Amino acid sequence: MVNCYNPTSLKEALDIIAKEVVTPYAGGTDLMIEPDENATYLFINKIPEMKNIVEDKEFIRIGAACTFTNIIENELSPAILKRAVSQIAAPAIRNLGTVGGNICNGSPKADSALIFFATDSKLRLVSNRGERVIPITEFYLGRKKTIIEKDELLVEILMNRNVLNNYYYKKVGERNALAISRVSFAGILNIEAGKIANCITAFGAISDVIIRRKNIDAMFVGKTIEEAKAVKEEYLAEYNKAIVTIKGRISEKYRKTVCMNLLNDFLESNGI
Amino acid sequence: MEKISESVKKKDHESKVRGSALYVDDHVMDGMLYGKLLHSTKAKARITNISLPKLLDGYFVVDKKDVTGVNRVHIVEDDTPVYAEDTVEYVGEPILMVVGPDIKEVKKILNDIIVTYEEETPILDMRKSDAVFFNYNYAKGDIDKAFEEADRVFTETFQTGYQEQAYLETQGMIAYPHDGRMTVRGSMQCPYYVYGAVSKALGCEEKDVQIIQDVTGGGFGGKEAFPSILACQTAVAAKKANKPVKVIFDRREDMEFTSKRHPSVSTYKVAIKNGKITGMDIEVIFNSGAYTTLSPVVLQRGLICANGVYRIDNLRVMGRAVKTNTVPCGAYRGFGAPQTFFAVEMIMDHISKEIGVDSLELKEEYIVKQGDSTSTSGKYHFHVPLPEMIEQIDKLSDYRSKRKQYLIQSGRYRKGIGLSLFFHGCGFTGSGERDFIKAVAKIRKNSDDTVEILVSNADIGQGLKTTFSKIVADTLGISYEQVLINNPDTDLVPDSGPTVASRSLMTVGELLRRASEKLKKEWKSGEVQIMEEHFVEPDFVIPFSLDKFKGDAYPTYSWGVNAIEVEVDTLTATTKILGAWGSFDVGVPIDMNIIQGQMQGGFLQGIGYASMEQIDYNDKGMIRNNSFSDYIIPTAVDVPNLVTKIINNPYTHGPYGAKGAGELPLVGAAPAYVEAMENALGANLNKIPFTTEDTMSVLQEVHK
Amino acid sequence: MMKFILNDQEVTSNSKANERLLDVLRNEFSITGVKCGCKEGECGACSIILDGRLVNSCMVAMGSIEGSTVITIEGYRETKRFAALDKAYASVSAVQCGFCIPGMILASECILDKNPNPTEAEIREGISGNLCRCTGYNAIVKAISIAAKEGKGLW
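Residues numbered from 1 in each chain as written. Chains lettered and ligands numbered in written order. Predicted model: local features only at pLDDT ≥ 70, side-chain atom pairs only at ≥ 80, totals over all residues.

*Asks:* Would you take a moment to explain the overall build of chain B for this structure?
*Replies:* On a plain count of helices and strands, chain B comes out with 18 helices and 26 strands. A globule of 704 residues ought to have a C-alpha radius of gyration of about 27 Å, and chain B, at 25 Å, matches this closely. Its C-alpha atoms put chain B at 75 × 70 × 50 Å along the principal axes. Out of the 704 residues in chain B, the part that is buried amounts to 61%. (Helix = DSSP H or I, 4+ residues; strand = E, 2+ residues; numbered from the N terminus. Rg over C-alpha atoms; globule rule 2.2 N^0.38 Å. Buried ≥ 20, exposed ≤ 12 C-beta atoms within 10 Å, placed from the backbone.)

Put into structure tokens, the structure is as follows:
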């Protein structure tokens, strides 16, 4: 078929992308809204190395070409991820859309990307030159701008198994299905031996990129719940400064208020 | 349940469920060309130059110069151009059409056309417009005296926004010339409206025009007048091409550039003396958009409904439809009534709070009864079943006790319940049915004793093919299968009037019933027989004078009571609908499933109108949210099962007791929803759509 | 040139890789039961079943379905399962303007195929990507529930 490639292995795909300008196409649900007449699509929806969900000692590894439905149906998928992707759009979109596409599209509204931020996940980028594993927090330069190289493919997302419990997730859209997020929030809090071992929060859909502030979250790490309560006001004040919503059709004030409300609720649900 | 109400398998079920029903875009003709319109990108400007790219063979442009008749689309008045002349009056105004054999190439050419505009300052805010298209005033009693003697006067202003019909099938037409005639087929509600408009635009005799309604994927009023415009444009193109031309709107094009519900601003001044409402002085403004289209009639209906279901003896209503440089607004289910019913229901609710009585208790005091005078000094000739409908809704929803309970709440989730009372005037407003439409309906018995229904009313999903067939079959005492009905073709059917105003079943259905009765008496098996019936205004009707704005605006009314219960999440300001209950009086249902389907569909559109459906202009006059992802209509998970009940109140002058049904269920949803939101938020609200952002603003105010 | 299986028949298409399956079905194969409501994956009118899953055919590029199985209403309507849905939809007059219906029927099939006894909430979730402006969804939800009950053993 003219104008496209249908590789059957990762190696084949990488060889193609190494020598030609192609557009990787996984699910197509973003690309097909305005298909590019002149693009050469590299169809990666059937590459086996990109469609696995496996676990090892450290990580749960999600293949980038897994559709949202694949993730929902797989018992290895972390609950927080299932929760988020099951609220994306509607069944027909979930049957095609992939986490890889969701991440690489570069939109701060990407619902699965938010979860990967909130779980400090890493991305495995592969090319014929080698591979690199980078934290998702370093992947975005700005709206729709990522650090992926022209000859690279996102192959896997590595989710740290130790931070997947006790999560809080809320997607706020304009309706209950087929809804683009107006505000999305995910939070994780883990306690070990009476002290907060992890506190991770991430805010999506309100800025050019997903907002994750490790330094602010770190204010709670190592503290007991009581100690955390003592610095709660400061913590919220820091986020109040850090959450800057960008101009859009929905008011900035609304989105900011919802973010702060959800953040506070997340803390209160953990006793803080 | 009456026998006629027992549901049957719809005439069009098979072809639609099998996917074999052919909508206009499914038709392909030999040599067919594709057309796409070039829409103005300016809200108000003079066109100083149009520069075309080089056109491949077989591709050409159609514009005002190609209009062989009058470059005006006849709707009520004749101000809408077929193709723009020297000026454009709104973003989206069609300037020209590109036509050719390949749609991709047509779009490419469209993109390469450069229009040079000399921009002028558009008027976008209806409150700032001095250009009044229409105004009507009426009064009864002595409102000035009521104000003089009042001990309190309440004044409040209410706003309602646009609503987009969002039919699943976009607008589309195919026009093809043949044998000296022009045939136009497509998605439409009113074949004879299109017929008149096309013949004027082509400058030909009506007999040389044929209009056929294709299976239509929803209309809701959006295909009442707009198709006349598209049909004229397509017919002009087909005439120039001397070949079939098909034009199908893209969704974004349809959302941005076709007619919508009129936004409104209404100010109510209510006189109170000794705790009683003694008078209302109401001012209404409707935003007509750039051309008149259907605004006069929408405004009329809105004004007639301005005091709602209430007996207000001292009344003054003044209304105007003004021009703005925005898309011309037209018909949408309810047709002016949803706007003013929202306002009157809300003001009654607000007054009740001020006076210190329960909202429903106050409303119940003023509900009209049979024999009372209407707003325009006509008469409510028939029983008004609101009291029993209120009891029914209260039982179903527990409205009264929940309303009290929700006055005091705390915690993250706040519930609320609201109730609305409303009517819909059945049929065409005023004397239009008698003086303009003059409906004619025919039935023809074939020699094989099948009976064919010949009317111009269009089944657009509301089940007319089925209900008309039931009326004819039952009256004649023959089987439903023996009755035939095709999509209207002006070559074959008389003008029984448009598919609007909730008139088809009540008015045309009655003509068919009479024709069937006649045929039954004179039935001669094996022979071809044709029966014709002409509309006759029922003799109890007090004739309506538009000049005086007085008389029976409608022969009768359909009545409704809605209750809606909500739950607001104060953290996110999102609202969940916990329950929606509607009691509806539409006379005897000609088919219970069909009527229930109409009630449920209309109810949900009304809920959308109240809450999530927002569409608006930016300061350049452009609609920004012009797609299904940004114009939010309810999905199956946005509402619970809607509870709809039909009460038994037969209309003596409708076929089998039926009266108008199509529009009623949309009319009252918005005030019920907003009243529920008020109950949940503990604040007075006065606008729709009342969105999540609006909810957040109120939550923050109340919090202060 | 690419091959795929359309309604149980192997077919060859001359389309380009980035053409929409919706357009190819309607234009090249005259499969007009697949409707175009928005071309953005937001309405479900173009729903088909691709390799056993409900998808919006407007979102599918031809190049991605080499060798895949496509079922449209034209293929599905010959099945016993369709007959059960047909009967159920007819019994509650769930078909109004009909434009959403081919997509709804296929969505109904996909719900029942995975879950032969769905709750109302599961039914609503299953059709959440199919917009209907006419019915308010009540009758469609009821129809699917009736088909589940009456169509014992089919799913």
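*Asks:* What is the right way to look at the overall build of chain A in this model?
*Replies:* Of the regular secondary structure elements, chain A holds ten helices and 13 strands. Compactness check: chain A gives a C-alpha radius of gyration of 19 Å against a globular reference of 19 Å for 272 residues, within 12% of the reference. C-alpha extents for chain A along the principal axes are approximately 65 × 45 × 30 Å. Counting all 272 residues of chain A, 51% fall into the buried class.

*Asks:* Which parts of the structure should I look at to understand the interface of chain B and chain C?
*Replies:* When the parts of a complex come together, some accessible area is lost, and that lost area is often used as the size of the interface. The partner chain C presents 39 residues to the 43 residues of chain B that form the contact. Those elements that place two or more of their residues in the side of chain B that touches chain C are α1 (13–17) and α15 (592–610) of chain B. Per element, the largest residue contribution to the side of chain B that touches chain C is seven residues, and it comes from α15 of chain B. Its residues assigned to classes, the side of chain B that touches chain C comprises 17 nonpolar, 17 polar and nine charged. (Contact = placed C-beta atoms within 7 Å. Nonpolar A, V, L, I, M, F, W, Y, C, P; charged D, E, K, R; others polar.)

*Asks:* Sorry, what's going on with the interface of chain A and chain B here?
*Replies:* On the chain B side, the residues contacting the 16 residues of chain A number 15 residues. In terms of residues, the side of chain A that touches chain B owes the most to one element, helix α10 (residues 252–269) of chain A, which gives six residues.

*Asks:* What's the story with the sheet that holds strand β5 (residues 59–63) of chain A in this structure? I'm lost.
*Replies:* The strands making up a sheet associate through backbone hydrogen bonding, with each pair oriented either parallel or antiparallel. All names here are of chain A. Spatial ordering of the open sheet is given by β4-β5-β10-β6-β7, a layout of five strands whose pairing is antiparallel. Each edge of the open sheet carries a strand with a single partner, namely β4 (53–55) and β7 (130–135). Between one strand axis and the next, the sheet turns by 20 degrees as a mean value, whatever way the strands run. Sheet analysis places strand β6 (residues 122–127) next to β7, joined by six bridges and oriented antiparallel. Among the inter-strand pairings, K122 is bridged to a residue of β7, identified as P135. Against the sheet, helix α1 (residues 10–19) engages β6 and β10 (153–160), with an angle of about 125 degrees to β10. (Pairing = 2+ DSSP bridges. Axes fitted to C-alpha atoms, helices over the stretch in contact; angles between N-to-C directions.)

*Asks:* Help me understand the packing of helix α8 (residues 337–355) of chain B against helix α17 (residues 669–681) of chain B in this model?
*Replies:* Between two packed helices, what matters for the description is the angle formed by their axes and the separation of those axes. Residue and element names in this part refer to chain B. Between α8 and α17, the shortest axis-to-axis distance is 8 Å and the interhelical angle comes to 35 degrees. Between α8 and α17 lies a crossing of right-handed hand. Contacts between α8 and α17 involve P338, F341, F342, E345, M346 and D349 from the former and A670, P671, V674 and E675 from the latter. Each residue belonging to the contact of α8 with α17 can be placed in one class, and the counts come to seven nonpolar, no polar and three charged. (Left-handed = near helix turned anticlockwise from the far one by under 90°.)

*Asks:* Would you mind going over the domain arrangement of chain B with me for this structure?
*Replies:* Residues and elements named next belong to chain B. Here the domain parsing of chain B yields domain 1 (24–121 + 165–257), domain 2 (331–425 + 553–703) and domain 3 (432–534). For domain 1 and domain 2, the distance between their C-alpha centroids amounts to 37 Å. Each partner contributes residues to the interface: domain 1 has 14 residues there, and domain 2 has 13 residues. (Domains from an automatic or database assignment.)

*Asks:* I tried to follow the domain arrangement of chain A on my own but got confused; where do I start?
*Replies:* All names here are of chain A. What the domain assignment lists for chain A is domain 1 (4–161) and domain 2 (165–269). Taking only C-alpha atoms into account, the centre of domain 1 sits 25 Å from that of domain 2. Counting only elements with at least two residues in the side of domain 1 that touches domain 2, the list comes to α3 (79–85), α6 (111–118) and β8 (140–142). It is α6 that provides the largest number of residues to the side of domain 1 that touches domain 2, a total of six residues.

*Asks:* How do you make sense of the nonpolar core when you look at a structure like this?
*Replies:* Across soluble globular proteins, nonpolar side chains show a tendency to be buried alongside one another. All names here are of chain B. Membership of the largest hydrophobic core comes to 367 residues, with the highest contact counts inside it found for V198 and A235. Considering every element that reaches this core, the biggest residue donor is helix α5 (residues 226–241), with ten residues. Setting aside its immediate chain neighbours within four residues, A235 contacts A175, M182, V184, V198, A201 and L202. (Core = buried A, V, L, I, M, F, W, Y, C linked by C-beta atoms within 7 Å.)

*Asks:* Before we go on, may I ask you to explain the pairing of strand β11 (residues 172–178) of chain B in this structure?
*Replies:* Consecutive residues of a regular strand have side chains that alternate between opposite faces of the sheet. With respect to burial, β11 of chain B is a largely interior element, five of its seven residues being buried. Hairpin connection from β11 of chain B to strand β12 (residues 181–186) of chain B: two residues lie between these consecutive antiparallel strands, with D179 of chain B at a positive phi of about 50 degrees.

*Asks:* Honestly, the pairing of strand β20 (residues 451–454) of chain B in this entry has me stumped. Any pointers?
*Replies:* Residues and elements named next belong to chain B. The sheet contact formed by strand β19 (residues 440–445) and β20 spans four bridges and is antiparallel. Directly across from K442, in β20, lies its bridge partner L454. Remark: five residues form the turn of the hairpin made by β19 and β20, two consecutive strands paired antiparallel; D449 in that turn has positive phi of roughly 65 degrees. Strand direction decides the pairing type here: β20 and strand β21 (residues 483–485), joined by three bridges, are parallel. Across the sheet, V451 pairs through a bridge with V483, a residue of β21.

*Asks:* Teacher, can you tell me more about unusual backbone geometry here?
*Replies:* With the exception of glycine, the majority of residues adopt a negative phi angle, and the majority of peptide bonds are in the trans configuration. Residue and element names in this part refer to chain B. In this structure, P689 follows I688 across a cis peptide bond, with omega equal to 5 degrees. Non-glycine residue A573 carries a positive phi angle of around 65 degrees. The residue A573 is located in the loop between β23 (557–569) and β24 (574–585) in this model. By the C-beta count within 10 Å, which is 23 here, A573 ends up buried.

*Asks:* Is there a simple way to explain the sheet that holds strand β9 (residues 132–140) of chain B in this structure?
*Replies:* All names here are of chain B. The strand order across the open sheet formed by six strands is β9-β17-β16-β15-β10-β26, and the pairing between neighbours is mixed. Lying at the two open borders of the sheet, with one neighbouring strand each, are β9 and β26 (687–688). Two strands pair when backbone bridges link them, and β9 and strand β17 (residues 315–323) are joined in this way by eight bridges, in the antiparallel orientation. Bridge pairing in β17 links Y138 to V317.

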